[in-house]
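If you want the building blocks of each chain, they are given just below.
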Amino acid sequence: MKASQLFFPTLRELPSEAEIVSHQLLLRAGYMRKTGAGIYSYLPLAVRVLKKIEQIVREEMNRADGQEILMPIIQPQELWEKSGRWSVYGDEMFRLQDRHKRGFALGPTHEEIITTLVDADVQSYRDLPLMLYQIQNKYRDEIRPRFGLMRGREFIMKDLYSFDLDEEGLDVSYKKMYAAYCAIFHRLGLEFRVVEADSGAIGGNESHEFVVLADSGESVIVYCDRCDYAANVEKAECVLPEPAKEAPPLQEMEKIHTPGVKTIQELVGFLGHPAHEQAKTLMYMADGELIAVILRGDRELNEIKLQHALQASELFMADEMTVREQCGAGFGSLGPVGLPLKVYADPEITRLYNFSAGANQDDYHLVNINLGRDFIPEKIIDVRNAEAGDICPHCGGTLQSTRGIEAGHIFKLGTKYSDAMEASYRDQNGQDQPIVMGCYGIGISRTMAAAVEQKNDQDGIVWPLPIAPYHLIIVPVNSKKEDQMEAAERLYQEFSARGVEVLLDDRDERAGVKFKDADLIGIPVRITIGPKSLQENKVEVKKRMDKENLLLTLDEVVDKVLAMLNAE
RNA sequence: CGGGGCGUGGCGCAGCUUGGUAGCGCGUCUGGUUUGGGACCAGAAAGUCGCAGGUUCGAAUCCUGUCGCCCCGACCA
């Protein structure tokens, strides 16, 4: 491709709307433009990257016995009513009507369609197992789309669904997909981790996330420094350390006047007790009932764990009015002692002695509180987020923490949808059995953004070779010099003939502009053809991340660069 | 949905408090000089100041409404 023909409008200045680096660079480097909030148009360079990601995904899905299909984006309301999700899915689903006022949804996911499809045409145990997938746009009316492609309202996704006879079959399919996903992210050239994840509202009993590591990522994960354990902080089990041999003597509980002290930090200053010797009291409405949750002052509550532990279908933080009515004090003065409600305590509270917390009276706190003596929780439940420094639940090692972007997520669904959609097969004994399902997604467009987020520097994007829009860019320093252009054309032809995807920067621009653009759009290897070296029949080769040029003769450069690319 | 911010040539912004000629940088076009890390000179085109009402002799500027965008939160998984 000639750069003079390529539509890649690069910007010299940062677009004001972009906050994170992948968003900024994809706009600046001319990969995409915003069409609306969370809706983007992809320009030629982005399409090349997306197609490459899709192709890698497709190859691995096919290798794992997946078969590609394509389902409609527009989905009839009746299918969603059958699964019960038309009313449950809420505002996140784009809904529309046709001229006859029939309801439709823009597909946020395709369980309903595919289960219906499979139900109609899979009748015998002989037809299973089956794995079907598609690569297609998804639509979710996010409350707040943000960060460019990270959370869009329209995005490209690969979704595969597995259909098995039973749980054992599902295990096999799940393992296949797990392996295929590892292969995919490895081939994409990205650093990633597989983490145990919460399966959330989708249900099922096993789930893993594939997280592309990047400091700006929204997912926080912990991983063990000794074994291969890794988990989303929301899922990671928290392990209590061995108790101290001897509990310290219990001090007498005392009420302290603490005017104006509302936060843990303020109390640290006031009492001199560190946060981990205090208890934090959080108030939640769980299915309409006000409850209190106690955890160590320096910890964070994990609402998902709480919701699971309480088996609550509806859970949200209580408002101060309700709290004040029932507890006699506002936020910042609450504590477990004497609360007329169900109190749930994190296990760590059982290891706290003589700790402090609110007194349920404004401007007062209690010190030397002890569980068992001063209050008895309804239940001890693990409800905090895991953190770096925690004990690994598998091997006892120490957990480290890092951030990343959830690019893939695999779930065991079980029979949730096959029950709802009545998708069954006839077994060997002539009995109808529900099909056991799994679903497996990769955000293709999000993966592109995640790659940029992980691979960039001051000058722009640094694509891993497997997903770079072009492998190589040839830059004649001065496009008006015939000898330079001749050499450039010759190399362009030779590389192209050998299967290398080459961009030839034949634009009538100064060298500086060409270099800046080449770096910005992130082409892995650059060949520069300049007057001095060309006199010696040589050209310069430079990898995107290298500082130094390599001088090679025109005769050897093709083989050498091919070897370099193959080594990547 | 709550809080905050922003809408002014293609992009980034100033002007608004105190109403009176729409401005700067980048980009674009023409000509010339240049040509190894975002060149220089000269000239040019391009803006219903988001939209709709209102106040006023006069509105980018003041008032009301509305639409859109960005950030934080809640929500979702």
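Residues numbered from 1 in each chain as written. Chains lettered and ligands numbered in written order. Predicted model: local features only at pLDDT ≥ 70, side-chain atom pairs only at ≥ 80, totals over all residues.

Asks: Explain the overall build of chain A to me, and be specific about the residues and the numbers.
Replies: Counting its secondary structure elements, chain A contains 15 helices and 31 strands. Look at the contacts in chain A between residues 6 or more apart in sequence, and 70% of them connect residues 24 or more apart. (Helix = DSSP H or I, 4+ residues; strand = E, 2+ residues; numbered from the N terminus. Contact = placed C-beta atoms within 7 Å.)

Asks: Quick rundown of the sheet that holds strand S6 (residues 103–106)? Include the residues and the values.
Replies: As summarised here, the arrangement of the three strands in space is S4-S6-S5, forming an open sheet in which the pairing is antiparallel. Edge positions in the open sheet fall to strand S4 (74–76) and strand S5 (94–97), since each of these has one partner strand only. Taken pair by pair, the neighbouring strands of this sheet meet at an average axis angle of 35 degrees, ignoring direction. Pairing geometry for S5 and S6, over four bridges, is antiparallel. Each residue of the ladder has a partner; that of Gln 97, found in S6, is Gly 103. (Pairing = 2+ DSSP bridges. Axes fitted to C-alpha atoms, helices over the stretch in contact; angles between N-to-C directions.)

Asks: If you had to explain the packing of helix H2 (residues 44–63) against helix H6 (residues 167–188) to someone new, which residues and values would you point to?
Replies: Remark: H2 packs on H6, axes separated minimally by 9 Å, with the N-to-C direction vectors making an angle of 150 degrees. Accordingly, the angle class assigned to the pair H2 and H6 is roughly antiparallel. The crossing of H2 and H6 is right-handed. For the pair formed by H2 and H6, the contact residues are Ile 53, Ile 56, Val 57, Glu 60, Met 61 and Arg 63 on the first element and Ala 180, Ala 183, Ile 184, Arg 187 and Leu 188 on the second. (Parallel < 35°, antiparallel > 145°, perpendicular 65-115°, else oblique. Left-handed = near helix turned anticlockwise from the far one by under 90°.)

Asks: Summarise the environment of Ala 312; cite the residues concerned and give the values.
Replies: Relative to the helices and strands, Ala 312 is located in the loop between helix H8 (303–310) and strand S16 (315–317). With 24 residues separating them along the chain, Ala 312 and Gly 288 place their C-alpha atoms 9.6 Å apart. Beyond its immediate stretch of four places on either side in the chain, Ala 312 contacts Ala 286, Asp 287 and Gln 307.

Asks: Lay out the nonpolar core in plain terms, naming residues and giving numbers.
Replies: Grouped together as the largest cluster of nonpolar side chains are 112 residues, with contacts concentrated most on Leu 26, Ile 53, Met 448, Leu 472, Ile 474, Ile 523 and Ile 529. Discounting residues that sit within four places of it in the chain, Met 448 has contacts with Ala 46, Val 49, Leu 50, Ile 53 and Leu 149. Listed in part, the 32 residues of the second largest apolar core include Ala 279, Ala 292, Cys 327 and Ala 357. (Core = buried A, V, L, I, M, F, W, Y, C linked by C-beta atoms within 7 Å. Buried ≥ 20, exposed ≤ 12 C-beta atoms within 10 Å, placed from the backbone.)

Asks: So what about the environment of Arg 403? Which residues, and what values?
Replies: If you trace the backbone, Arg 403 turns up in strand S21 (residues 399–414). On the basis of neighbour counts, which here come to 14 C-beta atoms within 10 Å, the residue Arg 403 falls in the partly exposed class. Distance in space between the C-alpha atoms of Arg 403 and Tyr 89 is 29 Å, their sequence separation being 314 residues.

Asks: Could you give an account of the sheet that holds strand S18 (residues 355–358), naming the residues involved and the relevant values?
Replies: A sheet is described by the order of its strands in space; here three strands give the open sequence S13-S19-S18, paired in antiparallel fashion. The sheet is open, and its two edges are formed by strand S13 (254–257) and S18, each paired on a single side. Direction aside, the axes of adjacent strands within the sheet are offset by 30 degrees on average. Sheet topology places S13 next to strand S19 (residues 364–369); four bridges connect them, and they run antiparallel. Note that in S19 the partner of Lys 255 across the bridge is Leu 366.

Asks: How would you sum up unusual backbone geometry? Please name residues and give values.
Replies: Cis rather than trans, the peptide bond between Leu 128 and Pro 129 has omega equal to 0 degrees. With phi around 60 degrees, Asn 360 is a residue other than glycine that occupies positive phi space. Of the residues examined, Asn 360 has 23 C-beta atoms within 10 Å and is grouped as buried. A positive phi is found at Asn 368, a non-glycine position, where the angle reads about 60 degrees. In this structure, Asn 368 sits in strand S19. The exposure class of Asn 368 is partly exposed, given the 16 C-beta atoms found within 10 Å.

Asks: Residue-level account of the packing of helix H1 (residues 21–28) against helix H11 (residues 444–454), with values.
Replies: At a minimum axis distance of 8 Å, the contact between H1 and H11 shows a crossing angle of 100 degrees. By the angle between their axes, H1 is roughly perpendicular relative to H11. Mapping the contact onto sequence places Val 21, Ser 22, Leu 25 and Leu 26 in H1 and Ala 449, Val 452 and Glu 453 in H11. Looking at the contact of H1 with H11, its residues break down into five nonpolar, one polar and one charged. (Nonpolar A, V, L, I, M, F, W, Y, C, P; charged D, E, K, R; others polar.)

Asks: Help me get a handle on the pairing of strand S15 (residues 289–296), residues and values and all.
Replies: Counted residue by residue, S15 has six buried out of eight residues, so it is predominantly covered. As paired elements, strand S14 (residues 279–286) and S15 share eight bridges and run antiparallel to each other. Directly across from Met 285, in S15, lies its bridge partner Leu 290. Counting the residues that bridge the hairpin from S14 to S15 gives two residues, and of these Asp 287 lies at a positive phi of roughly 50 degrees. Note: S15 against strand S17 (residues 342–345), four bridges, orientation parallel. Considered in S17, the bridge of Val 293 is made with Tyr 344.

Asks: Describe helix H5 (residues 111–121), and please don't skip the residues or the numbers.
Replies: Buried within H5 are the following residues: Glu 111, Glu 112, Ile 113, Ile 114, Thr 115, Thr 116 and Val 118. In this structure, the buried residues of H5 make contact with S4, helix H3 (77–83), strand S7 (130–139), strand S8 (154–164), helix H10 (416–420) and strand S24 (436–443).

Asks: Requested: an account of the pairing of S7, with residues and values cited.
Replies: Pairing geometry for strand S3 (residues 67–68) and S7, over two bridges, is parallel. Looking at S7, one finds that Gln 67 is bridged to Leu 132. Alignment of S7 against S8, held across 10 bridges, turns out to be antiparallel. If you follow Tyr 139 over to S8, its bridge partner there is Glu 154.

Asks: Any details on the environment of Tyr 470? Residues and values, ideally.
Replies: Here Tyr 470 shows up in the loop between strand S26 (460–461) and strand S27 (472–476). Separated by 136 residues in the primary sequence, Tyr 470 and Leu 334 have C-alpha atoms spaced 60 Å apart. In this view, Tyr 470 contacts Glu 501, Val 502, Leu 503 and Ile 523; residues no more than four positions away in its chain are not counted.

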